[in-house]
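Letter by letter, the chains look like this.
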Amino acid sequence: MYKADDLDLLLPSFKPYVLAVEAALVARGFQAIPFDTWRSPKEAAKYAALKVGQANSMHIYKVACDHICALHGWECKKNKCEFFQAYGQEVERVGMIWGGRFKSRFDAPHMQACTIADQDRVRTIADEVARDAFIRARLCKPLHAA
Ligand SMILES: [Zn+2]
Ligand SMILES: [Zn+2]
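The sections below set out a description of the structure shown in this document. (Residues numbered from 1 in each chain as written. Chains lettered and ligands numbered in written order. Predicted model: local features only at pLDDT ≥ 70, side-chain atom pairs only at ≥ 80, totals over all residues.)

### Remarks on the overall build of the protein
Along its length, the protein carries 5 helices and 4 strands. Over its C-alpha trace the protein gives a radius of gyration of 14 Å, about what one expects of a compact globule, namely 15 Å for 146 residues. Projecting the C-alpha coordinates of the protein onto the three principal axes gives extents of approximately 40 × 40 × 30 Å. (Helix = DSSP H or I, 4+ residues; strand = E, 2+ residues; numbered from the N terminus. Rg over C-alpha atoms; globule rule 2.2 N^0.38 Å.)

### Observations concerning helix α5 (residues 128–138)
Residues of α5 that are buried: R131, F134 and I135. Buried residues of α5, seen end-on, are gathered within an arc of 95° and therefore sit on one face of the element. Across from the buried face of α5, at angles greater than 90 degrees, the exposed residues are V129, A130 and A137. Where α5 is buried, its residues meet α4 (119–124). (Buried ≥ 20, exposed ≤ 12 C-beta atoms within 10 Å, placed from the backbone. Arc of directions from axis to C-beta. Contact = placed C-beta atoms within 7 Å.)

### Quick notes on the sheet that holds strand β1 (residues 32–36)
Taken in spatial order, the 4 strands make up an open sheet running β1-β2-β4-β3, and their pairing is antiparallel. Since the sheet does not close on itself, it has two edges, and those belong to β1 and β3 (97–98), each with one partner. As defined by bridge partners, β1 adjoins strand β2 (residues 64–69) across 4 bridges and the pair is classed as antiparallel. Paired with I33 across the two strands is I68, which belongs to β2. (Pairing = 2+ DSSP bridges.)

### A look at the nonpolar core
Core analysis: the biggest nonpolar cluster contains 34 residues, and F14, V63, M96 and M111 have the highest contact counts within it. For this core, the elements supplying multiple residues, two or more each, are α1 (15–27), β2, α3 (83–93), β3 and α5. Apart from the residues within four sequence positions on either side, F14 is in contact with V63, A113 and I135. (Core = buried A, V, L, I, M, F, W, Y, C linked by C-beta atoms within 7 Å.)

### Things to note about the packing of α1 against α3
The interhelical angle for the contact between α1 and α3, taken along N-to-C directions, is 135°, at an axis separation of 9 Å. One element, α1, and the other, α3, form an angle in the oblique class. For the element pair α1 and α3, the recorded crossing hand is right-handed. Judged by residue contacts, V21, A24 and L25 of α1 engage A86, Y87, E90, V91 and R93 from α3. Along the lines of polarity and charge, the residues of the contact of α1 with α3 split into 6 nonpolar, no polar and 2 charged. (Axes fitted to C-alpha atoms, helices over the stretch in contact; angles between N-to-C directions. Parallel < 35°, antiparallel > 145°, perpendicular 65-115°, else oblique. Left-handed = near helix turned anticlockwise from the far one by under 90°. Nonpolar A, V, L, I, M, F, W, Y, C, P; charged D, E, K, R; others polar.)

### Some thoughts on the pairing of β2
In terms of burial, β2 is a largely internal element, 6 of the 6 residues being buried. Burial of the side chains of β2 extends over both faces: A64, D66 and I68 are buried on one face and C65, H67 and C69 on the other. Bridge count between β2 and strand β4 (residues 110–112): 3 bridges; the pairing is antiparallel. Bridged to C65 within β4 is M111.

### Focus: the environment of Y61
In this fold, Y61 is placed in the loop between α2 (41–49) and β2. Y61 gets classed as buried once you count the C-beta atoms within 10 Å, which come to 24. Here the alpha-carbon distance between Y61 and G88, two residues 27 residues apart in the chain, equals 21 Å. Once you skip the residues sitting within four places of it in the chain, Y61 turns out to touch V122, R123 and R131.

### Let's talk about the environment of Q119
Counting through the fold element by element, Q119 comes out in helix α4. Spatially, the C-alpha atoms of Q119 and F30 are 30 Å apart, while their sequence positions differ by 89 residues. Dropping the residues within four chain positions of it, Q119 is found in contact with M58 and C114.

Here it is, written out as structure tokens:
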């Protein structure tokens, strides 16, 4: 069994969207495990060295979350499981950014609250309350409209 990471490590503006995606997947018969939420800069550097992440990852800023399939982890394709397709659809349905569309590195488990265009700005906001306010103001869609 996979261990779920703590969603309370995410910014309060972002967490409800993560929960909404998880609930939508349950309704479709899938179970998503929040495998990775916040990363320390040290952890991010380690992931970057292994080429499975970026040193300046959005996870450091608490605006990104990775999910995997409760049944297959990352290995859905060979199990003919459509988890990651459904995940991408639900992430985008609530107005979040899905890593499956990244040109730099296909990252199906990844969802984040800010657009690629906003990433550099988010990195400059050191204060967490201010960063949360920025994300809240920039969210593409209110959750109730999802
Ligand atoms: Zn699966
Ligand atoms: Zn990620």
